[in-house]
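Notes for the structure review
Each chain, written out:
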Amino acid sequence: MSDSILVLNAGSSSIKFSVQTPTGPDTVRMLAVGQIEGIGTHTHFIAKSADGAVLAETRWPDGAGPANHDAALHVISEWLDGFLGDARVLAVGHRVVHGGSNYTGPVAITPAVMAKLRELVPLAPLHQPHNLAPIEAVGTRYPGVLQVACFDTSFHRGHSFAAEAFAIPYKFYEQGVRRYGFHGLSYEYVSRRLLEIAPDIAHGKVVVAHLGNGASMCAISDGASVESTMGFTALDGLAMGTRSGQLDPGVLLHLMGSLGMTVPEVTRLLYHESGLKGLSGISSDMRDLEQSADPHAAAAIDYFVYAIRKQVGALAAAMGGIDALIFTAGIGENSANVRRRVCDGLQWLGVDLDGDANDQGADVISAPGSRTRVMIVRTSEETMIALHALEAMSAEAVA
């Protein structure tokens, strides 16, 4: 087995991971992928090869598995040691949701960096603590191994003041209350892929729709982020699986003032009980909604599609035009129905969909004469993190 880079993406009760080996100065190859979920409850560990074959799987009875992220990482590393044999872990790349206004790219983790990242916990309280937990555990498990933090916010750090600010007193902007944007690792990966497969588009004006359980959209001009639908938190913009998306702040005042809801209650409502799940009353999974005959499921899909179509227009306006629309992530890559319905309302922007290509999930799904190209680009945040870790290794070697 080859020396490899370990990529970790930790959530509140799970750690997703991938094992990737360098194949050149700026290329990697996936060896394995997996996750441990249900940490502290019904814990399930699974690892698969790059072609999807199950390499290892363990289920624990309720409460009998690893109780925290440290213990969960121990399970992953024990399996990894056996998988790699005599090969080494060269570096560990971490997905960290929030890099604030300071970090415009990946950074090697030091005690000083960790201190700054902890200061950002109030800006992403449901994500940041879980992203940081494995970093300390890795330091114990793999002492001396380079660790690299890769941020969901960094790709958007070039936004103008007008795109980044809220119309509240300027002192809050100075305190960090601004629109950060998220899913940056996905957008960065898609932008790199476009350079390889469609360089003419990569240097143009592109709207990318990252549509999954978490959903957002980004305007990218000549490879740089111009605008994003997500703002101060990952709640803003499109409706998502369980998150509300764009919401009049007066609704919050009503919920807390008139209805007496507490901050924890509102937080749970907006993060866990809203979006497609809240609108449909059925499920947060688009696949379930598309198979349902319930009118509330249809209404939830209508809302989702309408919001995407509306944002395509807004993002095109932010760039002064559009050359391509890119669908990515779970729904974007796999739901021909959502792609078709979004594109059906965008003829005025030069979108002409090829129905057969869309149904087949082809790379290019616009008709040959379409003024705006429409494509499916399969994203890989894990690969992007591994590439950043590889770049950090090279920089460290030079230093």
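Residues numbered from 1 in each chain as written. Predicted model: local features only at pLDDT ≥ 70, side-chain atom pairs only at ≥ 80, totals over all residues. Heavy atoms only, no water.

Within the open sheet, the five strands sit side by side as E11-E10-E9-E12-E13. Their pairing is mixed. Each end of this open sheet is capped by a strand with a single partner; those strands are strand E11 (224-228) and strand E13 (373-376). Across the sheet, the axes of successive neighbouring strands diverge by a mean angle of 25 degrees, strand direction being ignored. Pairing between strand E9 (residues 205-211) and strand E12 (residues 324-328): five bridges, direction parallel. Paired with Val-207 across the two strands is Leu-325, which belongs to E12. Contacting E9, E12 and E13, helix H14 (residues 336-344) crosses the sheet at an angle of about 155 degrees to E12. (Pairing = 2+ DSSP bridges. Helix = DSSP H or I, 4+ residues; strand = E, 2+ residues; numbered from the N terminus. Axes fitted to C-alpha atoms, helices over the stretch in contact; angles between N-to-C directions. Contact = heavy atoms within 4.5 Å.)

Moving on: the side chain of Arg-157. Within the secondary structure, Arg-157 sits in the loop between strand E8 (146-151) and helix H4 (161-164). Judged by its relative accessible area of 13%, Arg-157 is buried. At a separation of 3.0 Å, a polar atom in the side chain of Arg-157 contacts the main-chain carbonyl oxygen of Thr-153. In contact with Arg-157, not counting residues within four places along its chain, are Gly-100, Ser-101, Tyr-103, Thr-104, Glu-164, Arg-179 and Tyr-180. (Buried < 20%, exposed > 50% of the residue type's maximum accessible area, 1.4 Å probe, protein only. Polar contact = N/O pair within 3.5 Å; in protein donor to acceptor, adjacent residues only side chain to side chain.)

Attention now goes to the packing of aromatic side chains. Applying the stated criterion across every chain yields a total of nine aromatic pairs. A ring pair is formed by Phe-17 and Trp-79, whose centres lie 5.8 Å apart and whose planes are at 50 degrees; its orientation type is tilted. Of this pair, Phe-17 sits in strand E2 (residues 14-24) while Trp-79 sits in helix H1 (residues 69-84); the two residues are 62 residues apart in sequence, bridging distant segments of the chain. Of the two residues examined, Phe-17 and Trp-79, each falls in the buried class. Feature note: the residues Phe-17, Phe-45, Trp-79 and Phe-83 constitute an aromatic cluster, connected by ring pairs. The positively charged end of Arg-178 is found above the aromatic ring belonging to Tyr-173, 3.9 Å away from the centroid. (Phe/Tyr/Trp six-rings, centres within 6.5 Å; stacked < 30°, edge-to-face > 60°. Lys NZ or Arg CZ within 6 Å of the ring centre and 35° of its normal.)

Before going further, it helps to examine the pairing of strand E10 (residues 215-221). Among the seven residues that make up E10, six are buried, leaving the element largely enclosed by the rest of the structure. By the bridge criterion, seven bridges tie E9 to E10 in an arrangement that is antiparallel. Looking at E10, one finds that His-210 is bridged to Ser-216. Remark: three residues form the turn of the hairpin made by E9 and E10, two consecutive strands paired antiparallel. With four bridges joining them, E10 and E11 adopt antiparallel strand pairing. Of the residues in E11, the one forming a bridge with Cys-218 is Ser-228. Between E10 and E11, which pair antiparallel in sequence order, lie two residues; one of them, Asp-222, sits at a positive phi of approximately 50 degrees.

On to the side chain of Ser-191. Within the secondary structure, Ser-191 is located in helix H6 (residues 184-197). Taking the relative accessible area as the measure of exposure, Ser-191 reaches 11% and is therefore buried. Discounting chain neighbours no more than four positions away, the residues touching Ser-191 are Phe-155, Ala-202, Ile-220 and Gly-223.

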